[in-house]
Every structure is written in structure tokens, then in C-alpha cells.
Amino acid sequence: ILRPSCPWQKRLLDLLWECCALYPQTTLYAREYHLAAKSTQIWQILLEHLAVQASVYPRTLSSRQHRIQSMLSFIHTHYMQDLSLADIAASANISQSECCRCFREFLHISPRQYLIRYRLKQSLPLLGSQLYSIALISEQCGFYSPSHYIAQFKKQFGLPPGAYRAHLK
């Protein structure tokens, strides 16, 4: 996101608007060269400022990205099991509070909320198959009781899983 309040980002926005203004002008002599020159300026500004930002935060961001990837992979593999915050944090070798910070920073939800949403997402194809009962689906997707599954499903999708299943028919 480029913000006009930041001087270098405003310059980028101005250059982008200049490129947009040049593009429809078919009579402009050497239009492609004008666009290429402005594109080069845009890249130069981006590289100068992004290189500064990357040198300030490279390890923090990459280590946090690696941590969140490890935790998401763990959740995706073990979602059907009884997972605690400690289990999720341990999958990335971090504390529970750091686990929560990573989730908030990258996904803007708690690890528990992510786990519930992922479990619900995994239950959708099972509901569509008509082969399994709601109770069995809730168990296969890691919910501790069918009533908890139904309540979470209704909270997320606005209707209970039985009504969702009936709507699929």
C-alpha cells in the first residue's frame, strides 16, 4: 500500500499516474521510451527504499515467517487431534506468547481461532459427501463434541451443518 503522506511513496504514486496518462496517447512520439524511463525511476525508488527496510528487519521478519509457516503446517497436519496452544507453539520451538504474537501479526486472529476455522473448512467436503453423520464429521475434524462443532459452524457460516448439507442437495 502506497501512502501519499510518505514523500517517497507519493513520488511513486505520481510516477504511476504519469505512466497511466502516457499510455492512451497513441500520437506521443517514442511513448514506449517515456514509459520505460518512468518505469526505471519507479524501480529505482522501490529498490532504494525496500533495501533499507530489508536491512533493518531481515532476520526478525524471516524468522517470524518461518515460525508461522511451521505452525500452520503443524495445524494442517494434526488438526484432527486434540491440539493445545502449547502444542502449536512447540511445533515452532517458541513460547505460547510468541506463538500468539506471530498469529496476530500475520493472520490477525488467534491460533485457536485459526485452528477452529481450519477444522470447519476441512469439514465442508465431508458434509457434501452425505456419507457421514454430523457427529462423525465433528470427531474426524477434531471437535470434542458434536454440539461444539454445530455451534462453531453456525457462528462461522450462519447456519448449522445440517442446514448447510440440505442446501447442497
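These notes cover the structure that comes with them. (Residues numbered from 1 in each chain as written. Predicted model: local features only at pLDDT ≥ 70, side-chain atom pairs only at ≥ 80, totals over all residues. Heavy atoms only, no water.)

With that out of the way, let us pick up the side chain of S145. With respect to the element layout, S145 can be found in the loop between α7 (134-140) and α8 (146-157). A residue is classified by how much of its surface remains accessible, and S145, at 18% relative accessible area, is buried. A distance of 3.1 Å separates a polar atom in the side chain of S145 from the backbone nitrogen of H148. (Helix = DSSP H or I, 4+ residues; strand = E, 2+ residues; numbered from the N terminus. Buried < 20%, exposed > 50% of the residue type's maximum accessible area, 1.4 Å probe, protein only. Polar contact = N/O pair within 3.5 Å; in protein donor to acceptor, adjacent residues only side chain to side chain.)

With that settled, consider helix α6 (residues 111-129). Here α6 spans 28 Å end to end across 19 residues, near enough to the 27 Å set by a 1.5 Å rise per residue. Largest kink in α6: about 25°, centred on S123, with the proline P125 one to four residues after it. Within α6, the full set of buried residues consists of P111, Y114, L115, I116, Y118, R119, L120, S123, L126 and L127. Within two residues after α6, Q130 carries a phi angle of roughly 65°, on the positive side. (Expected span 1.5 Å × (residues − 1). Bend = angle between axes of the 7 residues up to and from the residue.)

With that settled, consider unusual backbone geometry. Only a minority of non-glycine residues have a phi that is not negative, and only a minority of peptide bonds are not trans. Of note in this structure, N93 is not a glycine but carries a positive phi near 55°. On the basis of relative accessibility, which here comes to 74%, the residue N93 falls in the exposed class. One non-glycine residue, Q130, adopts positive backbone phi at about 65°. Here Q130 shows up in the loop between α6 and α7.

Turning our attention to the side chain of S110. Note that S110 resides in the loop between α5 (96-107) and α6. In this structure, S110 is in contact with F103 and R104, ignoring residues within four places of it in sequence. (Contact = heavy atoms within 4.5 Å.)

With that settled, the discussion passes to the packing of α5 against α6. Orientation of α5 relative to α6, taken along the N-to-C sense of each, is 65°, at an axis distance of 9 Å. Along its contact with α5, which presents C99, C100, F103, R104 and L107, the element α6 presents P111, Q113 and Y114. (Axes fitted to C-alpha atoms, helices over the stretch in contact; angles between N-to-C directions.)

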